[in-house]
Amino acid sequence: MASNTAKKPFDLAIVGGGISGLGLAIALLEHGIDLTIYEAAPHFGEIGAGVAFGPNAGRAMQQMSPKIYDAFITCKTGNQHESKHNSWFTIRVGDARRADKDGFVRPGKKVGDALFDCTLSGGGGRGGVYRAQFLDELVKDLPEDVAKFDKRMVDMTEAGHGSGDMVLHFADGSTAQHNAVICCDGIKSKGRIWLLGQHHPAKEAFFSGKYAYRGLIPMDEAIELLGEEVAQNSQMFLGYHGHLLTFPIQKGKTMNVVAFNSRKTWDDDKWVVTTSKEEMEADFAEWGGHVQKIVGAMQKPDIWALFMHPPCETYTKGRVCLLGDAAHATTPHQGAGAGMCMEDSYIMASLIKEAQDVDDVQRAFRAFDQVRRERTQKNVTTSQEAGMMYDFELYGDDLDKIEESYQNRMRWIWDIDLEAQLREAKEFMKNVKL
Ligand SMILES: Cc1cc2nc3c(=O)[nH]c(=O)nc-3n(C[C@H](O)[C@H](O)[C@H](O)COP(=O)(O)OP(=O)(O)OC[C@H]3O[C@@H](n4cnc5c(N)ncnc54)[C@H](O)[C@@H]3O)c2cc1C
């Protein structure tokens, strides 16, 4: 990757090469920063099918790096119908139990009918990507020697001799020393446990009360089942203790499905478990025709338990900082987790670009924590609340209250002025005393 800037007198370790680690690495390399990515897996890879980015995420990518934005544009798919370009989701009731004795959920509206659109704000590109394709696009031009694979970090220590450097310890017994470390190691972050301490109540994620089935349906089949308008544009079907959403990916060739349901506890050590089609169908047995058809067409159902982080009081300690899901893993109900990762990467890379030495990197970490923590933690709590709303647990099944909330609740996410946040962070960084 070409760099127009002189090398800085420090080198960084990025632990984890998911959306956060890769986005950050690409932007930092463009600023001429020396870095190594340590990834636990044998190669880069994303699990799961689609991920949707909101307008805030599109703008973050655009501001962060032309390469990342190009990758997004190459992969992104929005609603296929012109009239739905500004719709986040079309909202419908999916659960047949909500209907009155004549089958209506609202005057003139039956189960499965479109009730209203939740309209987008904030400009910027938005859309769903197929995770594997997006990742392939991102890593295309990454220099080969930047990433080290099969490197599962198990611990960190400070280097001796007063250098202040950090030493990473890996499961294979090897170590690596760097001036500073950014932990992008996801929801089960080892960096988070190191930073907060073994006994901290927020060191690990907890079960949110929701789980999801994820699947893909070829678009031709989806159109046959649901008709063009439903299949080719984003839909959300609401119900009691569950909801189901769909959006097009792969330039409209595939319909991505996520079907949510609730349970009180999660006792399995694994967070993704295989289930049977019968079990999945039983979860939606009392839902209406659209949902029954979608669930019926989903193959190989896996259940994903949805965990989330409790808020913590800092994202940084010394020369270590948390970023992305390692800092603020969230439920996916606002479709904003990966978008927050992109925002994080943009702010972090822009601050490190300003750093002249490793002390400035530490200042950048403090400024990052200052401007990013409140917003990203708010996403975690409001996302859980949104999931409850879709599942008739926040305003019950009062569709008027739900509609009113939909029209406003995402604005603060989509409308963020990231340039203003970056200015605030830069100002803060100048005044940090170490
Ligand atoms: C069901 C579901 C649906 C979602 N849908 C959306 C959506 O539509 N829109 C949205 O914005 N967000 C969505 N999200 C959230 C989004 O997927 C995450 O916020 C995002 O992928 C997190 O990226 P990350 O790089 O921070 O972490 P991860 O993707 O978890 O990447 C962490 C990386 O670190 C590596 N790693 C882990 N531990 C170590 C270690 N000890 N040493 C070295 N490497 C390590 C892992 O192998 C991995 O490559 C969804 C999440 C779920 C569960």
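Residues numbered from 1 in each chain as written. Predicted model: local features only at pLDDT ≥ 70, side-chain atom pairs only at ≥ 80, totals over all residues. Heavy atoms only, no water.

A. Inspection of the packing of helix α2 (residues 55-64) against helix α3 (residues 66-75) at higher detail. Orientation of α2 relative to α3, taken along the N-to-C sense of each, is 140 degrees, at an axis distance of 6 Å. As judged from the angle between their axes, α2 and α3 are oblique. α2 and α3 meet at a crossing whose hand is left-handed. Here α2 contributes G58, M61, Q62 and M64 to the contact with α3, which in turn contributes I68, Y69 and F72. (Axes fitted to C-alpha atoms, helices over the stretch in contact; angles between N-to-C directions. Helix = DSSP H or I, 4+ residues; strand = E, 2+ residues; numbered from the N terminus. Parallel < 35°, antiparallel > 145°, perpendicular 65-115°, else oblique. Left-handed = near helix turned anticlockwise from the far one by under 90°. Contact = heavy atoms within 4.5 Å.)

B. Quick peek at the domain arrangement of the chain. Segmentation of the chain into domains returns domain 1 (11-76 + 126-204 + 312-392 + 412-430) and domain 2 (83-124 + 206-308). A C-alpha centroid distance of 29 Å is found between domain 1 and domain 2. Taking both sides of the interface into account, the surface hidden between domain 1 and domain 2 amounts to around 3,000 Å²; carbon and sulfur atoms contribute 63%. When the buried area of domain 1 at its contact with domain 2 is split by residue, R126, D391 and F392 rank highest and sum to 23% of it. Run the count over domain 1 and domain 2 and you get one salt bridge. Of the charged contacts in the structure, one is a salt bridge between K210 and D391, with a shortest N-O distance of 2.8 Å. Between domain 1 and domain 2 we count 11 residue pairs in polar contact (both at pLDDT 80 or more) in total. Among the secondary structure elements, those contributing two or more residues to the side of domain 1 that touches domain 2 are β3 (50-53), α2, α3, β8 (127-130) and α12 (358-390). In terms of residues, the side of domain 1 that touches domain 2 owes the most to one element, α12, which gives four residues. (Domains from an automatic or database assignment. Buried area = accessible area lost by both parts, 1.4 Å probe. Salt bridge = Lys/Arg side-chain N within 4 Å of Asp/Glu carboxyl O. Polar contact = N/O pair within 3.5 Å; in protein donor to acceptor, adjacent residues only side chain to side chain.)

C. The arrangement of the pattern of salt bridges in detail. In the structure shown here, the tally under the stated rule is 24 salt bridges. Here R106 ties to D400 by a salt bridge, and the two come within 2.9 Å at their closest N and O atoms. Placement of the pair is R106 in strand β5 (residues 104-106) and D400 in helix α13 (residues 399-409), with a sequence separation of 294 residues. For D400, a relative accessible area of 53% puts it in the exposed group. One connected set of salt bridges, linked through shared partners, spans E343, D344, R372 and R375. (Buried < 20%, exposed > 50% of the residue type's maximum accessible area, 1.4 Å probe, protein only.)

D. Local environment of the site of the ligand. Around the ligand sit 30 residues in total, of which S20, E39, A52, D325 and A338 are the nearest. Here a nitrogen atom of the ligand sits 2.8 Å away from a polar atom, N or O, in the main chain of A52. Contact between the ligand and M153: a nitrogen atom at 2.9 Å from a main-chain N or O atom of the residue. Surface burial for the ligand is 85%, taken as the share of its 1,000 Å² of free accessible area covered by protein chains. Secondary structure elements with two or more residues in the shell around the ligand: α1 (19-30), β3 and α11 (337-354). The element best represented in the shell around the ligand is α11, accounting for four residues. Looking at the shell around the ligand, its residues break down into 13 nonpolar, nine polar and eight charged. (Near = heavy atom within 4 Å. Areas by Shrake-Rupley, 256 points an atom, 1.4 Å probe, with all protein chains shown as cover. Nonpolar A, V, L, I, M, F, W, Y, C, P; charged D, E, K, R; others polar.)

E. Structural context of the side chain of R372. Mapped onto the secondary structure, R372 falls in helix α12. Classification of R372 as buried rests on a relative accessible area of 0%. Among the polar contacts made by the side chain of R372, one reaches the side chain of D344 at a distance of 2.7 Å. If near-sequence neighbours (up to four positions away) are discounted, R372 is found in contact with Y315, M340, E343, D344, I347, L418 and Q421.

F. Representation of the sheet that holds strand β17 (residues 254-262). Taken in spatial order, the eight strands line up as β7-β4-β15-β16-β17-β14-β19-β18 in an open sheet, and their pairing is mixed. Edge strands, defined here as strands with exactly one partner in the open sheet, are β7 (114-119) and β18 (272-274). Each neighbouring strand pair of the sheet contributes to a mean axis angle of 25 degrees, computed without reference to strand direction. Across eight bridges, strand β16 (residues 242-249) lies against β17 in antiparallel orientation. When the sheet's bridge partners are listed, T246 is paired in β17 with V257. In this fold helix α6 (residues 219-226) packs onto β14 (206-218), β16 and β17, with an angle of close to 100 degrees to the strand it touches most, β14. (Pairing = 2+ DSSP bridges.)

G. Local environment of the pairing of strand β11 (residues 166-170). Taking burial as the measure, the five residues of β11 include four buried ones, the bulk of the element. As paired elements, strand β10 (residues 153-158) and β11 share five bridges and run antiparallel to each other. By the bridge assignment for β11, D155 is matched with H169. The pairing of β11 with strand β12 (residues 175-178) spans four bridges and is classified as antiparallel. Residue pairing for β12: M166 is matched across the bridge by H178.

H. Seen up close, the UniProt feature "domain: FAD-binding" (unreviewed entry) in the chain. UniProt marks residues 309-381 with the feature "domain: FAD-binding" (unreviewed entry), using the numbering shown here. Taken end to end, residues 309-381 is 63% helix and 7% strand, and its two terminal C-alpha atoms sit 9 Å from one another. (UniProt positions renumbered as here; feature names shortened; annotations may be inferred.)

I. Local environment of the environment of Y346. For Y346, the position within the fold is in helix α11. Under the relative-accessibility criterion, Y346 is labelled buried at 4%. Each C-alpha atom, one on Y346 and one on V139, is 17 Å from the other, the two residues being 207 residues apart in sequence.

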